[in-house]
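Architecture at a glance
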Amino acid sequence: MNLKSLNTEFTRFIFVGVINTATYYSIYLILHNLLSLPYLLAHIVGFFISLNISFFLNCYVTYKIKPTLKKYLYFPLTQVVNMSVSTLLIFIFVEFLNLNSNIAPFAAVLFTIPITFAVSSKILKGSVRTAGAKRR
């Protein structure tokens, strides 16, 4: 495998995702363990902080596009499914499967990666461009 084959959007998405997940997880652990916030509240706060970081990383690194206000406003749509699925999975993992609340967010991320890539690609590269196009 050569370097050029590693330079795909999905590979860059995974790279950005690792950085974003580390950021989210650090915030989550600080809020949950050091500040004693309940795990779901720590998850939601960490998620929204990392969402902003994710937007800029995905624009500049993953898709190599210019961030705009319009794209920024659309970007949270990429995370609606991610947030819903990850929150539900974290709840199920902790409450029903007795998974440690420090591990549950990481486990949930594994399920949401492919979904988030497909939705973010469509929003940042496709739908935003066509949504602003004028009809002739």
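Residues numbered from 1 in each chain as written. Predicted model: local features only at pLDDT ≥ 70, side-chain atom pairs only at ≥ 80, totals over all residues. Heavy atoms only, no water.

Turning to its location among the elements, His43 is positioned in helix H3 (residues 39-62). A distance of 2.8 Å separates polar atoms of two side chains, one belonging to His43 and the other to Tyr24. If sequence neighbours within four positions are ignored, His43 has contacts with Tyr24, Tyr28, Met83, Ser86, Thr87 and Ile90. (Helix = DSSP H or I, 4+ residues; strand = E, 2+ residues; numbered from the N terminus. Polar contact = N/O pair within 3.5 Å; in protein donor to acceptor, adjacent residues only side chain to side chain. Contact = heavy atoms within 4.5 Å.)

The next subject is the packing of aromatic side chains. With the rule as written, the count across this model stands at 12 aromatic pairs. With 5.4 Å between their ring centres and 65° between their planes, Phe55 and Phe75 make a pair best called edge-to-face. Of this pair, Phe55 sits in helix H3 while Phe75 is found in the loop between helix H4 (69-74) and helix H5 (76-95), placing the two residues 20 residues apart along the sequence. Of the two residues examined, Phe55 and Phe75, each falls in the buried class. Three or more aromatic residues joined by ring pairs form one cluster here, namely Phe55, Phe56, Tyr72 and Phe75. (Phe/Tyr/Trp six-rings, centres within 6.5 Å; stacked < 30°, edge-to-face > 60°. Buried < 20%, exposed > 50% of the residue type's maximum accessible area, 1.4 Å probe, protein only.)

Scanning all chains against the criterion turns up one salt bridge. A salt bridge links Glu9 to Lys125, with the shortest nitrogen-to-oxygen separation between them at 2.8 Å. Of this pair, Glu9 sits in helix H2 (residues 9-34) while Lys125 sits in helix H6 (residues 104-131), and the two are 116 residues apart along the sequence. A relative accessible area of 24% means that Glu9 is categorised as partly exposed. (Salt bridge = Lys/Arg side-chain N within 4 Å of Asp/Glu carboxyl O.)

Quick look at the nonpolar core now. Most often, soluble globular proteins keep nonpolar side chains buried together rather than apart. Ranked by internal contacts, the top residues of the largest apolar core, which has 15 residues, are Ile90 and Phe93. Elements with a contribution of two residues or more to this core: H2, H3, H5 and H6. Among the nonpolar cores identified, the runner-up in size contains nine residues, and Leu51, Phe55, Tyr63 and Phe75 belong to it. (Core = buried A, V, L, I, M, F, W, Y, C linked by side-chain atoms within 4.5 Å.)

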